Amino acid sequence: MDRPYTICHMLSSIDGKIIGDFLEDDRSTYFINEYERIHDRYGYDAWMCGRVTMQEHFAHEYIPPPNQEKQSPIPRTDYVAQQDIGTYAIAVDPHGKLAWTHNYISEESGNRAKDHIIEVLTEQVPDAYLAYLQELGISYIFGGTKELNVVTVVKKLKALFSIDRLLLEGGGVLNASFLNEGLIDELSLVFVPFAEASSPALTIFEKGSSSKETFPVHFELIRVEQMERNGLWMTYRVEGNSK
């Protein structure tokens, strides 16, 4: 394949919600830890999250410098700061809103520490943000002019960084963009025995405002594992994709 083999790995309530108050319940701690254990078990080359998830758990909000308009133009070409370093953390950040302290996930993030950061951007990001990433030694790639093309993104990840196995752990819109383009090969779901009745809570796959027409995707069940405390780990293969 000219792209990574992609596993969408998610933690969900039994009604498909991926955010909500149920994650703050003390009983969810066990399942969050198990989710991370399974994350490690997959033996990935890279894992990917959207901007909101990255900012919530691993990054901060980027504050543009007051003189950013004085920054010299920087070509919109992909920037590879490091290669062949083991594992990568890929931040889908189209408008350049994430701030980092290092070019890798910092130590306070536990078992994900030291994964080299790759930013996925559009060409609309300010030159000052590109200069900021280069100064930190953070790699970045462009996935489109104004909007991201996820097919372009995954092909670049394979070609530039030799990423063969990707864990997709995005928000619902990012996950759906991969699903609709036929880029998900497996779906790994850790079900927490809670129901999140809050209607605004996002689900595993969500149609974005700029998403193209969607269609039903068929899954083949390949594993069911009962967990302690009434949870389930279920794995599906997307029918018609790699086997």
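Data block above holds the structure.
Below is a summary of the structure that appears in this document. (Residues numbered from 1 in each chain as written. Predicted model: local features only at pLDDT ≥ 70, side-chain atom pairs only at ≥ 80, totals over all residues. Heavy atoms only, no water.)

1. Quick look at the overall build of the chain
Thinking step 1. Helix and strand counts for the chain come out as 5 helices and 11 strands.
Thinking step 2. Its C-alpha atoms give the chain a radius of gyration of 18 Å, within 12% of the compact-globule value 18 Å for 243 residues.
Thinking step 3. Counting only C-alpha atoms, the chain reaches 55 × 40 × 35 Å along its principal axes.
Thinking step 4. Taking the contacts inside the chain whose residues are at least 6 apart along the sequence as the reference set, 75% of them involve residues at least 24 apart.
Thinking step 5. Carbon and sulfur atoms make up 49% of the accessible area of the chain, which totals about 11,900 Å².
Thinking step 6. Averaging the locations of the 22 positively and 36 negatively charged side chains of the chain gives two centres separated by 4 Å. (Helix = DSSP H or I, 4+ residues; strand = E, 2+ residues; numbered from the N terminus. Rg over C-alpha atoms; globule rule 2.2 N^0.38 Å. Contact = heavy atoms within 4.5 Å. Areas by Shrake-Rupley, 256 points an atom, 1.4 Å probe, with all protein chains shown as cover. Lys, Arg positive; Asp, Glu negative; His and termini not counted. Charge placed at Lys NZ, Arg CZ, Asp CG, Glu CD.)

2. Considerations on helix H4 (residues 150–161)
Thinking step 1. The terminal C-alpha atoms of H4, which comprises 12 residues, lie 16 Å apart, in line with the 16 Å expected from a rise of 1.5 Å per residue.
Thinking step 2. Those residues of H4 that fall on the buried side of the exposure criterion are Val150, Val153, Val154, Leu157 and Phe161. Looking straight down H4, one finds that the buried residues subtend no more than 90 degrees of arc, so they occupy a single side.
Thinking step 3. Here the buried face of H4 lies against strand E2 (46–50), strand E4 (88–92), strand E6 (116–121), strand E7 (139–142) and helix H5 (172–180).
Thinking step 4. Measuring from the backbone nitrogen of Val151 back to the side-chain oxygen at the start of H4 gives 3.0 Å, which picks out Asn149 as the cap.
Thinking step 5. Phi turns positive one or two residues past the end of H4, at Ser162, with a value near 55 degrees. (Expected span 1.5 Å × (residues − 1). Buried < 20%, exposed > 50% of the residue type's maximum accessible area, 1.4 Å probe, protein only. Arc of directions from axis to C-beta. Polar contact = N/O pair within 3.5 Å; in protein donor to acceptor, adjacent residues only side chain to side chain.)

3. Some points on the sheet that holds strand E9 (residues 186–192)
Thinking step 1. With mixed pairing, the 9 strands of this open sheet are ordered in space as E7-E6-E4-E2-E8-E1-E9-E11-E10. Strands with a single pairing partner mark the edges of an open sheet, and in this sheet they are E7 and strand E10 (219–226). In this sheet, adjacent strand axes meet at a mean angle of 20 degrees when their direction is disregarded.
Thinking step 2. Direction of pairing for E6 relative to E7: parallel, over a ladder of 4 bridges. Along E7, the bridge assignment pairs Val120 with Ile141.
Thinking step 3. In the packing of H4 onto the sheet, contacts are made with E2, E4, E6 and E7, and the angle to E7 comes to roughly 140 degrees. (Pairing = 2+ DSSP bridges. Axes fitted to C-alpha atoms, helices over the stretch in contact; angles between N-to-C directions.)

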